[in-house]
Amino acid sequence: MKRTCLLALCLLIAWNTRAQRKAPAYPLIASNTYFSLWSFSDELYASPTRHWTGKTQALTGILKVDGKSYRFLGQEERPYRSILKEAGHLFRYNLANPLKNWKENAFKDQDWKESAAPFGDDPAYAKTTWKSEEIYLRKTFNIGELPNQKLFLKLNHDDNVVVYLNGKNIYEKEGWVHEYIYIPVKSEYLKKGSNVLAIQVKNTAGGRHIDADLVVEPAADKDILTATQLGVDFEATRTVYRFRCGAAELAVTFLSPLLLDNIELTERPVSYINYAVKAVDGKKHEVKLLFTASSDLAVNTKGQPVSAWKLNENGLSALKSGTVEQPMLKKAGDDVRIDWGYVYVAAPVAYKAKQYLTKVNEGRKAFRTGTPLAGTSSMINQTSVDLNTELDFGMVSGTEIEKHLMIGYDDTNPIQYFHQNLPPLWKKDGVVKFTDLLAISEREYPDILKKSIAFDQSLAVKATKSGGKEYAELCKMAYRQSVSAHRIVKAPNGETLFLSKENFSNGSINTVDITYPSAPQYLVYNPELLKGMMNGIFYYSESGKWKKPFPAHDLGTYPLANGQTYGEDMPVEEAGNMLILTAAVAKSEGNAAYARKHWKVLTIWTDYLVKEGFDPANQLCTDDFAGHLAHNTNLSLKAIVAIGSYAQLAAQLGEKEVAEKYRAAALDMAAKWMEKANSGDHYALVFNDKNTWSQKYNLVWDKLLGLKLFPKEVYEKEVAFYLKKQEVYGLPLDSRKTYTKSDWIMWTATLSDNDQEFQQFVKPVYKYALETESRVPISDWHETTTGRMVGFQARSVVGGYFIKMLADHWNVK
């Protein structure tokens with residue numbers, strides 16, 4: 001009986017833990033691709049807050065109730081204690097392949113050279129130069145008393161590495177890492193007296209680098225408790241947490257007001273954190289709160305020198321921090337964070353908030369212990385600074401008391417567009433200082449909060465009506481992630497530019513085949529933003545800067561939009577994307593004015609597809625991770641639908657003969673496609689192999705745009721076949737692999753008019769979102785058998801989840 005009760009209790013605990021999870025990661029601050037902070041754990045206090053790339057950008061929060069401190073936000077940085085460096089960080093090393101027993105403690109290494117780590121070929125980081133193919137390292141060190149804390153190997157390596165401790169293999173990896181990693185090591189591998197750490201590193205390509213240490217985890221602070229998280233609500237623009245802190249209950253709301261009908265508000269790089277406190281025991285309690293933001297929010301790599309200041313302007317008290325160097329627009333790439341401009345934390349002066357600058361952890365320690373701090377108005381040229389804001393709620397009863405903070409980022413000039421630096425959208429009408437923008441944001445907060453709540457409720461209702469509760473939850477997950485993977489600026493000609501970053505893909509800016517899958521969210525909520533994704537590509541061709549008869553793949557590498565940097569074109573892919581999306585804009589706006597503006601280049605692209613699109617040559621498509629593919633039937637579908645889209649646009653513009661000509665071409669190609677791709681109960685992946693299959697997600701635009709190039713039976717046959725190919729976590733992309741793209745699954749599902757069939761596609765994707773081990777902003781590329789991400793994270797393409805809402809928005813039957 002006891003065993004049965006224990007099992008039931010374990011199942012209940014497991015169920016409660018699982019039930020609380022709402023997403024792989026939770027957006028906290030979601031303004032743009034540089035100002036984007038997330039919690040990668042279900043409990044807000046269970047991990048440090050991170051930039052979408054995974055780098056720690058720490059926000060922490062402590063609530064003090066009657067003198068007891070409860071941590072509810074983030075994890076405090078607790079510096080690891082080095083074991084090796086206590087003995088001096090010198091290694092003996094050899095560049096030639098030594099004897100087999102080189103890793104053993106008894107090996108005699110007195111003939112090896114000795115020098116300081118790190119070793120490598122980059123003088124900016126390496127203390128000792130290493131340029132050969134291999135390097136062997138040994139470090140002998142003595143241990144007096146064995147540590148009772150957890151032991152870790154701290155390692156940064158490029159490329160292949162094997163690490164031994166006292167002859168035992170403790171880590172081995174092929175490839176490289178781009179930052180220090182911490183690998184748990186069994187403490188019994190250490191011994192009193194003499195120990196040896198031995199490392200072999202082999203360079204396979206590119207640069208070379210190695211640094212290693214053995215470190216122990218510091219003891220946890222005993223004067224701070226952990227809050228009890230009662231729940232989390234995940235909405236389109238808000239993430240709301242509820243905690244119990246002793247006799248007080250705390251609600252924390254992170255609001256990023258990405259209301260797409262208001263482009264200027266969407267672009268405004270200011271988010272709100274609201275705190276609501278009440279007592280739950282019928283008594284009054286003294287309550288104070290400390291919020292701390294790290295200056296790491298303003299650096300690309302930890303350790304970049306920073307400065308910080310305390311301000312009092314426009315009815316706000318504020319803290320500000322940024323790098324000393326301020327290398328504006330000097331870095332471009334994927335795994336890159338902003339290191340110019342300034343992060344701000346601001347509170348209304350009326351709150352009488354205490355704001356102070358400290359070294360790491362000093363402010364939190366002083367708050368917990370009640371130790372007074374000497375005030376300082378600035379800290380110059382530091383390695384890291386904590387920006388601390390203390391809110392006093394006074395004596396709190398059962399009546400809720402609310403206070404809020406603002407956190408914002410002034411990035412000075414966020415984008416370079418064909419070698420011209422573009423200012424942020426908010427710098428206009430006399431608003432030139434960021435503190436002016438903060439003052440506006442403070443005045444508008446009540447109205448913004450009201451509108452955000454109304455929008456969240458509206459989205460939830462409409463998404464649930466379109467695709468059910470689980471579909472609605474996926475749309476909520478996608479909303480902020482998609483928007484905040486962009487930046488909105490004005491081009492020199494006054495056009496809106498809504499520029500995406502190809503997050504954890506290759507860092508390209510304004511990639512056309514990122515725009516294509518993202519489009520449904522913006523067609524539902526503001527087609528002007530979809531045009532903002534297309535304007536730069538049109539300009540690139542129409543200006544003569546891009547001379548090929550199909551669109552460019554991208555405009556550069558984020559944040560430098562100076563021309564395509566991707567190494568290969570996608571001719572059919574990008575031409576098809578731009579034509580289909582132009583037709584989608586026309587359908588949304590009820591006219592073809594946007595197409596008329598770009599008619600000449602649209603015609604060039606259409607003629608290219610008529611010539612080259614039906615049976616595509618060996619080339620890449622948007623699923624470029626799968627490699628080159630000739631005779632791609634799904635890519636052929638895109639070309640056919642694109643030609644049909646052009647014909648539809650011509651008809652809208654009164655070009656009857658043009659419309660008839662190109663519609664006839666599209667219909668002829670569609671008939672040939674059905675014959676050539678037919679494989680009995682489905683249509684093949686490629687024309688020349690009927691034993692293959694693939695998701696025909698491009699076909700959805702034939703349905704949504706009402707082109708009627710293909711009979712409904714084509715949709716039905718494909719959907720019926722797909723339902724037989726489902727795996728635990730979704731429908732594979734095609735017959736080559738078991739991985740998938742979740743955005744394409746949503747498009748494929750929308751081919752069906754049957755709600756039950758639609759749910760059969762959606763449920764495994766939702767299951768993936770709740771069960772994946774990949775705790776990152778949702779990856780659109782995952783394994784359908786294991787639920788693990790394959791690559792990509794935090795990308796804008798999850799805006800494609802809104803395609804079913806778009807079909808209903810357009811009343812598609």
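Note that the structure is a prediction, hence the values are computed from the model and not measured.

**Student:** Help me understand the overall build of the chain in this model?
**Tutor:** A count of helical and extended segments in the chain gives 17 helices and 38 strands. At 29 Å, the chain has a C-alpha radius of gyration in line with the 28 Å of a compact globule built from 813 residues. With the principal axes as the frame, the chain shows a C-alpha extent of 85 × 75 × 70 Å. Expressed as a percentage of the 813 residues in the chain, the buried residues total 61%. Looking at the chain as shown, the accessible area adds up to about 31700 Å², and 50% of this sits on carbon and sulfur atoms. A distance of 4 Å separates the average location of the 100 positive side-chain charges in the chain from that of its 94 negative side-chain charges.

**Student:** What exactly am I supposed to notice about the packing of helix H8 (residues 571-589) against helix H11 (residues 633-652) here?
**Tutor:** The relative placement of two packed helices is expressed as an angle between their axes plus a distance between the axes. With their axes 8 Å apart at the nearest point, H8 and H11 run at an angle of 40° to one another. In this structure, the crossing between H8 and H11 has a hand that is left-handed. Counted together, Val572, Glu573, Gly576, Asn577, Leu579, Ile580, Thr582, Ala583 and Ala586 of H8 and Leu635, Lys638, Ala639, Val641, Ala642, Ser645, Tyr646, Gln648, Leu649 and Gln652 of H11 form the full contact between these two elements. Among the residues making up the contact of H8 with H11, the classes are represented as eleven nonpolar, six polar and two charged.

**Student:** Help me understand the confidence of the model for the chain, please; the structure alone is not making it clear to me.
**Tutor:** Regions with low pLDDT carry predicted coordinates that are not meant to be interpreted in detail. Confidence along the chain averages 94 in pLDDT terms, with 97% of residues attaining 70 or more. Below a pLDDT of 50 lies the segment residues 1-19, which in the model reaches zero contacts outside its immediate sequence neighbourhood of four places, other chains included.

**Student:** Sorry if this is basic, but what is going on with the sheet that holds strand E25 (residues 316-323) here?
**Tutor:** Pairing in this open sheet of nine strands is antiparallel, and the strands run E19-E20-E21-E22-E30-E26-E25-E24-E28 from one edge to the other. A single partner strand is all that each edge strand has here, and the edge strands are strand E19 (228-234) and strand E28 (378-382). Taking each pair of neighbouring strands and ignoring which way they run, the sheet shows an average axis angle of 15°. Note that strand E21 (residues 248-255) and strand E22 (residues 270-279) share eight bridges and pair antiparallel. Along E22, the bridge assignment pairs Thr253 with Asn274. Along the sheet, helix H5 (residues 469-483) contacts E19, strand E20 (238-245) and E21; its crossing angle with E19, the most-contacted strand, is approximately 80°.

**Student:** Just checking my understanding: could you explain helix H15 (residues 742-749) for this structure?
**Tutor:** Think of an α-helix as turning once every 3.6 residues; residues three or four places apart then point the same way. Most of H15 is tucked away: eight of the eight residues are buried. Those residues of H15 lying buried are Ser742, Asp743, Trp744, Ile745, Met746, Trp747, Thr748 and Ala749.

**Student:** Would you mind showing me how to read the nonpolar core here?
**Tutor:** Across soluble globular proteins, you tend to see nonpolar side chains buried next to one another. Ranked by internal contacts, the top residues of the largest apolar core, which has 210 residues, are Tyr275, Phe291, Trp673, Trp701 and Phe710. Considering each element in turn, this core owes the most residues, eleven residues, to H11. Apart from the residues lying within four places of it in its own chain, the contact partners of Trp701 are Tyr516, Leu523, Ile580, Ala584, Val641, Gly706, Leu707, Trp747, Ile803, Leu806 and Trp810.

**Student:** Could you clarify how one ought to interpret the layout of surface pockets in this entry?
**Tutor:** Any empty space left between the atoms is revealed when a probe the size of a water molecule rolls over them. The space that makes up the second largest pocket amounts to roughly 510 Å³. The wall of the second largest pocket is formed by 24 residues, among which Ser466, Lys804, Ala807, Asp808 and His809 lie closest to the centre. Among the elements of the structure, helix H4 (434-467), helix H6 (512-525), helix H16 (755-771) and helix H17 (803-809) are those that each provide at least two residues to the lining of the second largest pocket. Sort the elements by how many residues they give to the lining of the second largest pocket and H4 lands first, with seven residues. In terms of residue class, the lining of the second largest pocket is built from nine nonpolar, seven polar and eight charged.

**Student:** Would you mind showing me how to read the packing of H5 against H6 here?
**Tutor:** Look at H5 against H6: their axes get within 11 Å of each other, and the N-to-C directions meet at 95°. One finds that H5 runs roughly perpendicular with respect to H6. Residues Ala478, Tyr479, Ser482 and Val483 of H5 pack against Gln521, Tyr522 and Tyr525 of H6. Residues of the contact of H5 with H6, tallied by class, amount to five nonpolar, two polar and no charged.

**Student:** Would you explain a nonpolar patch on the surface in this entry?
**Tutor:** A contiguous nonpolar surface patch, about 260 Å² in accessible area, is contributed by Tyr80, Tyr180 and Tyr182. Its relative accessible area of 32% is what places Tyr180 among the partly exposed residues.

**Student:** In this structure, what is going on with the sheet that holds strand E29 (residues 386-396)? I would like to understand it.
**Tutor:** Sheet strands pair by backbone hydrogen bonding; their relative direction is either parallel or antiparallel. Reading across from one edge, E18-E5-E4-E23-E29-E27 is the order of the six strands in this open sheet, with mixed pairing throughout. At either end of the open sheet lies a strand with only one pairing partner, and these are strand E18 (225-226) and strand E27 (354-358).

**Student:** Would you take a moment to explain a negative patch on the surface for this structure?
**Tutor:** Taken together, Asp66, Asp281, Glu286 and Asp392 make up a surface patch of like negative charges. Checked against the element boundaries, Asp281 lands in the loop between E22 and strand E23 (285-294).

**Student:** Looking at this model, I keep getting lost on the environment of Asp158. Mind explaining?
**Tutor:** Secondary-structure assignment places Asp158 in strand E12 (residues 151-158). C-alpha of Asp158 to C-alpha of Ala205: the two residues are 47 residues apart in sequence and 9.0 Å apart in space. Ignoring anything within four residues of it in the chain, the contact list for Asp158 reads Trp130, Trp176, Val201, Ala205, Gly207, Arg208 and His209.

**Student:** Would you mind going over the pairing of strand E2 (residues 36-39) with me for this structure?
**Tutor:** Two faces, one strand: in a regular strand the side chains alternate between the faces of the sheet. Of the two faces of E2, both are covered, the one formed by Ser36 and Trp38 as well as the one formed by Leu37 and Ser39. Direction of pairing for strand E1 (residues 26-30) relative to E2: antiparallel, over a ladder of four bridges. Bridging from a neighbouring strand, Tyr26 pairs with Ser39 of E2. Connecting E1 to the antiparallel partner E2 that follows it, the hairpin turn spans five residues. Pairing geometry for E2 and strand E3 (residues 50-51), over two bridges, is antiparallel. Its bridge partner being in E3, Leu37 is matched across the sheet by His51.

**Student:** When you look at unusual backbone geometry in this model, what are you seeing that I'm missing?
**Tutor:** It is generally the case that most residues other than glycine have a negative phi and that most peptide bonds are trans. With an omega of 0°, the peptide bond between Ala117 and Pro118 qualifies as cis. Looking at the element boundaries, Pro118 is found in the loop between strand E8 (113-116) and strand E9 (119-120). With an omega of 10°, the peptide bond between Asp158 and Asp159 qualifies as cis. Examined against the element boundaries, Asp159 turns out to sit in the loop between E12 and strand E13 (160-165). We note that Asn381 has phi near 55°; this positive angle belongs to a residue other than glycine. Along the chain, Asn381 falls in strand E28. In this model, Phe792 sits at a positive phi of 65°, which is unusual for a non-glycine residue.

**Student:** I would appreciate a short explanation of the pattern of salt bridges in the present structure.
**Tutor:** Where charged atoms from two side chains of opposite charge come close, those side chains can pair. As enumerated under the stated definition, the model contains 41 salt bridges in all. Of the charged contacts, one joins Lys433 and Glu313 as a salt bridge, the two residues approaching to 3.1 Å between their closest N and O atoms. Separated by 120 residues along the polypeptide, Lys433 in the loop between strand E32 (420-422) and H4 and Glu313 in strand E24 (residues 306-313) bring together distant segments of the chain. Under the relative-accessibility criterion, Lys433 is labelled partly exposed at 43%. For Glu528, the salt bridge is made with Lys531, and the minimal N-O distance between the two is 3.3 Å. Taken together, the residues Glu528 and Lys531, both in helix H7 (residues 527-542) and three residues apart, mark about one turn of the helix. Since its relative accessible area comes to 11%, Lys531 is described here as buried.

Rules used throughout
- Residues numbered from 1 in each chain as written.
- Predicted model: local features only at pLDDT ≥ 70, side-chain atom pairs only at ≥ 80, totals over all residues.
- Heavy atoms only, no water.
- Helix = DSSP H or I, 4+ residues; strand = E, 2+ residues; numbered from the N terminus.
- Rg over C-alpha atoms; globule rule 2.2 N^0.38 Å.
- Buried < 20%, exposed > 50% of the residue type's maximum accessible area, 1.4 Å probe, protein only.
- Areas by Shrake-Rupley, 256 points an atom, 1.4 Å probe, with all protein chains shown as cover.
- Lys, Arg positive; Asp, Glu negative; His and termini not counted.
- Charge placed at Lys NZ, Arg CZ, Asp CG, Glu CD.
- Axes fitted to C-alpha atoms, helices over the stretch in contact; angles between N-to-C directions.
- Left-handed = near helix turned anticlockwise from the far one by under 90°.
- Contact = heavy atoms within 4.5 Å.
- Nonpolar A, V, L, I, M, F, W, Y, C, P; charged D, E, K, R; others polar.
- pLDDT = per-residue confidence, 0-100.
- Pairing = 2+ DSSP bridges.
- Core = buried A, V, L, I, M, F, W, Y, C linked by side-chain atoms within 4.5 Å.
- 1 Å grid on protein atoms, 1.4 Å probe; cavity = no way out; pocket = protein on both sides within 12 Å on 5 of 7 lines; lining within 4 Å.
- Points joined across faces, edges and corners; volume = space filled by probe spheres on them.
- Parallel < 35°, antiparallel > 145°, perpendicular 65-115°, else oblique.
- Patch = residues over 30% accessible without salt bridge, like charges linked within 9 Å, V, L, I, M, F, W, Y side chains within 5 Å.
- Salt bridge = Lys/Arg side-chain N within 4 Å of Asp/Glu carboxyl O.

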